Amino acid sequence: MLTVYNCIVNQHDLRLVALAALVCGISCFSAVNLLKHVGRSADRNRLVWLMIAAASTGFGIWATHFIAMTAFTPGIPNAYDPGLSAFSLAAAVILTALGMWVATLRRGIDHFLVGGAILGGAIATMHYIGMAAFEVEGRVVWNLLLVAISLLAGVTLAALALLVVLRRPSALATLGGAALLTLAICSLHFIAMAAVSIIPDSSIEISEHSIEPISQAFAAAVASLAILVLSGAALWIDLRFRRQKLEADRMHDLANAAVEGLIVCDGTRIVSANDSMAKLTGTATATLNTMQLGELFDGQSAADMSGFGEQAQEAKLRGSDGTRIPVELIARNITYCGRPHTVLAVRDIRERKKAEEEILRLAHFDPLTGLANRRSFSSRLEAEFASMDRGGKDGYLALLLLDLDRFKQVNDLYGHGAGDAMLQKLAHCIAGIPRQGQLLARLGGDEFAIIAPNLPGPLAAGRIAEDLLAAIREENRVSVGSGLVSASIGIAFFPLDAEDQAGLISHADTALHRAKTEGRDTYRFFEIAMGTAARDKRVMEHELRQAIARKEFHLVYQPQKEIRGGRMIGFEALVRWQHPERGDISPAVFIPVAEDSGAIAQIGDWVLTTACNDAVRWTNPLMVAVNVSAVQLHNPNFSRKVHDALSRSGLAPGRLELEITETALVKDMPRALATLRQVKALGVHVAMDDFGTGYSSLSNLSAFPFDKIKIDGSFIKSVDRNAQFAAIVRAVLGLGRGLGLPVLAEGIETPGELQFLDAEACEIGQGYYLGKPAPIETFGELTGVAAPAIRTASRRGASIAVLKPRLRTV
């Protein structure tokens, strides 16, 4: 190494040596900066950056060599061969490009080291070709050991330089790599120069085509200027890249904070995607940044998306597994890294699509049973009406309405959960019966409907109804204890029975009600007579609601007497309706209609209030009995209404008796018991009406606070001649005596019936033989209230008084 030192100090101009080292350092710093851009670039850009970096490095190596050669002072004439000098420059650039290409071809230590070694070879090739271009009047002798050392130093240091620069890029790595590359060039040059010995020989002439050292120095100066220009360009590019990278990083960080997927596109090429987009597609961000838009959105281009404007558009995004993801896209034009780009916001709308599908399902399907709902039913019926021929050429359109029998009692006794389970089981049971083109829908509650178009005739609809009933019966047979109740079906046809949708539904409903009234568990076709009856019922329902306001109701009273002594006990208040056009309407006709329509509650309240107001005027403090409906009994305010009626009228509670049937109790026994106890607390008497019919149960006599038992009149009729009825009556009388409850027999119409009851020790009686229902004024002698002049009529020996012309005797 002392030889190298002597070479540098004694045989070189140190000022030019320093200049050579400076030029070398600048070119190496420029080279490593440009090399980083080669690694970051792709395709054609990578080739351009590679040529720029190779040119900068090659010119640097060449300029360093010839500036250092200019500093070399051998003391004898010398010059340079222009051809070999140019060839050395070309060799430096080409081999440098090859080394950098290998080093940046793939990330890996092997590529870094091999590429660096080739770069070291480029330095050596340039140096020794350059030395071949050196002409001097003398013979050049080489020290092969130093030549080998120079080659080893140049290749090793160059390989280390690229390894440091490319393995973990950073500012420190850039400085370290530039220093190592500078050291590689300088060490190879000066060790190789130390290996040279020149022996003067005047017989050797310098070629006339050679270049003087001063000219070569000028060429080196030009090369140095080129290096400075390239270095300045490299520095500017590096600063610009850093600024763009900072901008890109800032934008990328901001994009990653977004929940939605974001893509920045340069034409159709994706240049940046955020983490949300990577998560949405299942593809790594680095992979997304090399993809085309068509690979994600079925060939849609950025130009297409930029036309979206403010309006969001839906598209299908391809996931990494090939699935299609519904997304919403919004595109905007932006300036990104100094160039126009398109940014695309990608919103995942899978949950919204699911919600929309669920809303659509809820809008058209019943959530409990999964069948079509009323909206779907109405839409389908409307469509069928629009497509059907009114002349019947396309066949008949049948509408079947199905309703469960006594379903309300299932809800009342077992709760709505049991009712819902029964509806689900029914839907599952009959879902397979409608054929293709027919619709099964749940309209609400326990009401179902089937639309069956293009039927050849009524018999085809009848077969559908029979299949429905058979399926329900089979379910009841195999599901002992958890089956279904029976069902009733009403059928109507278009255009046979109705000309419009409303009429068809109304007529099918009418037929359904006829099926229920004629035994249930069956089906009925609509008939014109049914329509008349249904229309009359609807008219009556409307008129019942107006009857109280119009004062069309009035009360009649039927006496209740002791059978043995004939003493008057009290009266039962009975409501009568005198219609202004149809005259007297029987309670047997209007009471069921009032119960079905709900008007019975209003009528019952009126009867209670009127009976209390009438009874308080009687001088003789007789009892007044009032019938109470199930609707009244289960009204949570019923006991308060009884209290209000007593308070406003001033009637003593002990004179009021409420008659309640067991049918009214079974709807909700705990509530009924609570209500009766509240009524009893007021001092009011409670009687069990129509005992022996309906749901009569001995347990109810002990569970409920009754004060009296009333035997239904159906058992009293001909009791003196019917042994079975006589046995039943004797049993009830014995039961009453055992419980300490008085028994009242209703419907006594003959002396024989009265004598039988007297012989069996029945205490109280009521019936036509003891007294027919009549206005209370007729019984003035019994109540102690003076009656105005009346006209009398005789029936069965009994005297009846009618006070006003508008009141008729019933």
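Remember, it's a predicted structure, so these values are computed and weren't measured experimentally.

Asks: Just give me the short version of the overall build of the protein chain, but keep the residues and values in it.
Replies: Helices and strands together make up the secondary structure of the protein chain, namely 29 helices and 25 strands. The buried share among the 810 residues of the protein chain stands at 47%. A separation threshold of at least 6 residues defines the contact pool for the protein chain, and within that pool the share at least 24 residues apart is 67%. Carbon together with sulfur atoms contributes 57% to the accessible area of the protein chain, which is approximately 38700 Å² in total.

Asks: Talk me through the packing of aromatic side chains; I want residue IDs and the actual numbers.
Replies: Counting across every chain of the model gives 14 aromatic pairs. Note on Tyr557 and Trp618: the rings are 5.9 Å apart at their centroids and 80 degrees apart in plane angle, and the pair reads as edge-to-face. One end of the pair, Tyr557, is in strand β15 (residues 553–562); the other, Trp618, is in the loop between α20 (600–615) and β18 (623–627), and 61 residues separate them in sequence. Of the two residues, Tyr557 and Trp618, both sit in the buried class. A ring pair is formed by Trp577 and Phe590, whose centres lie 5.6 Å apart and whose planes are at 85 degrees; its orientation type is edge-to-face.

Asks: Give a description of the side chain of Asn373 that names residues and reports values.
Replies: Relative to the elements of secondary structure, Asn373 occurs in the loop between α12 (350–364) and α13 (374–387). By relative accessible area, which is 12% here, Asn373 ends up buried. Excluding its chain neighbours within four sequence positions, the residues that come into contact with Asn373 are Leu362, Ala363, His364, Phe365, Asp366, Ala441 and Arg442.

Asks: Outline the sheet that holds strand β7 (residues 313–318), listing residues and values.
Replies: One open sheet accounts for five strands, arranged β6-β5-β9-β8-β7; its pairing is antiparallel. Strands with a single pairing partner mark the edges of an open sheet, and in this sheet they are β6 (269–273) and β7. In this sheet, adjacent strand axes meet at a mean angle of 40 degrees when their direction is disregarded. Strand direction decides the pairing type here: β7 and strand β8 (residues 324–336), joined by six bridges, are antiparallel. Following the sheet pairing, Ala315 is matched in β8 by Val327. Its contacts with the sheet put α12 on β7, β8 and β9 (339–348), and the angle it makes with β8 is roughly 135 degrees.

Asks: Summarise unusual backbone geometry; cite the residues concerned and give the values.
Replies: Note the cis peptide between Phe494 and Pro495, where omega equals 5 degrees. You will see that Lys551, though not glycine, has its phi angle at about 60 degrees, which is positive. Here Lys551 lies in the loop between α18 (528–547) and β15. Residue class for Lys551 comes out exposed when judged on its relative accessible area of 69%. Even without glycine at this site, Ala761 takes up a positive phi of about 65 degrees. With respect to the helices and strands, Ala761 occurs in the loop between α28 (751–759) and β23 (764–765).

Asks: How would you summarise the environment of Thr522 if you had to cite specific residues and measurements?
Replies: Structurally, the position occupied by Thr522 is in the loop between α17 (501–517) and β14 (523–525). On the accessibility criterion, Thr522 (17% relative accessible area) is buried. In this structure, the C-alpha to C-alpha distance between Thr522 and Leu512, residues 10 residues apart in sequence, is 9.2 Å. With residues near it in sequence (within four places) discarded, Thr522 still touches Leu469, Ala487, Ser488, Ile489 and Ala515. Among the polar contacts made by the side chain of Thr522, one reaches the side chain of Arg524 at a distance of 3.1 Å.

Asks: Can you tell me about the nonpolar core, naming the residues and giving the values?
Replies: Counting residues in each nonpolar core, the largest one holds 73 residues, and the members touching the most others are Leu544, Leu656 and Leu658. Top element by residues in this core is α20. It accounts for seven residues. Apart from residues no more than four positions distant in its own chain, Leu658 is found in contact with Leu608, Val626, Val628, Phe638, Val642, Val679, Val684, His685, Val686 and Ala687. Among the nonpolar cores identified, the runner-up in size contains 39 residues, and Ala31, Ala158, Ala161 and Ile185 belong to it.

Asks: Account for the pattern of salt bridges, with residues named and values stated.
Replies: The tally for this structure, following the rule as stated, stands at 24 salt bridges. Its salt-bridge partner being Arg442, residue Asp366 comes within 3.1 Å of it at the nearest N-O pair. Residue Asp366 is located in the loop between α12 and α13, and its partner Arg442 is located in strand β11 (residues 439–444); the two are separated by 76 residues in the primary sequence. Owing to a relative accessible area of 9%, Asp366 belongs among the buried residues under this scheme. Of the charged contacts in the structure, one is a salt bridge between Arg582 and Glu543, with a shortest N-O distance of 2.5 Å. With Arg582 in the loop between β16 (568–579) and β17 (583–585) and Glu543 in helix α18, this pair connects stretches of sequence that are 39 residues apart. The class for Arg582 is partly exposed, based on a relative accessible area of 43%. Salt bridges sharing partners connect three or more residues here, namely Glu572, Glu659, Lys710 and Glu746.

Asks: Residue-level account of the packing of helix α5 (residues 109–132) against helix α7 (residues 171–194), with values.
Replies: Contact pair α5 / α7: the axes reach a minimum separation of 10 Å and the direction vectors enclose 35 degrees. In this structure, α5 crosses over α7, and the sense of that crossing is right-handed. Between α5, through Leu119, Gly120, Ile123, Ala124, His127, Tyr128 and Met131, and α7, the contact on the second element is made entirely by Leu181, Ala184, Ile185, Leu188, His189, Ala192 and Met193. Of the residues belonging to the contact of α5 with α7, the class tally is 11 nonpolar, three polar and no charged.

Asks: Let's hear about the side chain of Glu328: which residues, and what values?
Replies: Among the structural elements, Glu328 can be located in strand β8. Overall, the relative accessible area of 11% leaves Glu328 in the buried class. Within the structure, the side chain of Glu328 is placed 3.3 Å from the side chain of Arg352, a separation counted as a polar contact. Ignoring any residue separated from it by four or fewer positions in sequence, one finds Glu328 in contact with Ala312, Gln313, Glu314, Ala345, Val346, Arg347, Ile349 and Arg352.

Asks: Residues and numbers for the confidence of the model for the protein chain, please.
Replies: In the predicted model, the protein chain carries a mean pLDDT of 80, and the fraction of residues at 70 or more is 80%. Considering each helix and strand of the protein chain separately, the mean pLDDT is smallest for strand β25 (residues 798–802), with a value of 31, and largest for β18, with 95. The low-confidence segment residues 1–6 (pLDDT under 50) makes six contacts with residues lying over four places distant or belonging to another chain. Contacts from residues 789–810, a stretch scored under 50 in pLDDT, to residues over four places away or in other chains number 38 contacts.

Rules and cut-offs
Residues numbered from 1 in each chain as written. Predicted model: local features only at pLDDT ≥ 70, side-chain atom pairs only at ≥ 80, totals over all residues. Heavy atoms only, no water. Helix = DSSP H or I, 4+ residues; strand = E, 2+ residues; numbered from the N terminus. Buried < 20%, exposed > 50% of the residue type's maximum accessible area, 1.4 Å probe, protein only. Contact = heavy atoms within 4.5 Å. Areas by Shrake-Rupley, 256 points an atom, 1.4 Å probe, with all protein chains shown as cover. Phe/Tyr/Trp six-rings, centres within 6.5 Å; stacked < 30°, edge-to-face > 60°. Pairing = 2+ DSSP bridges. Axes fitted to C-alpha atoms, helices over the stretch in contact; angles between N-to-C directions. Polar contact = N/O pair within 3.5 Å; in protein donor to acceptor, adjacent residues only side chain to side chain. Core = buried A, V, L, I, M, F, W, Y, C linked by side-chain atoms within 4.5 Å. Salt bridge = Lys/Arg side-chain N within 4 Å of Asp/Glu carboxyl O. Left-handed = near helix turned anticlockwise from the far one by under 90°. Nonpolar A, V, L, I, M, F, W, Y, C, P; charged D, E, K, R; others polar. pLDDT = per-residue confidence, 0-100.

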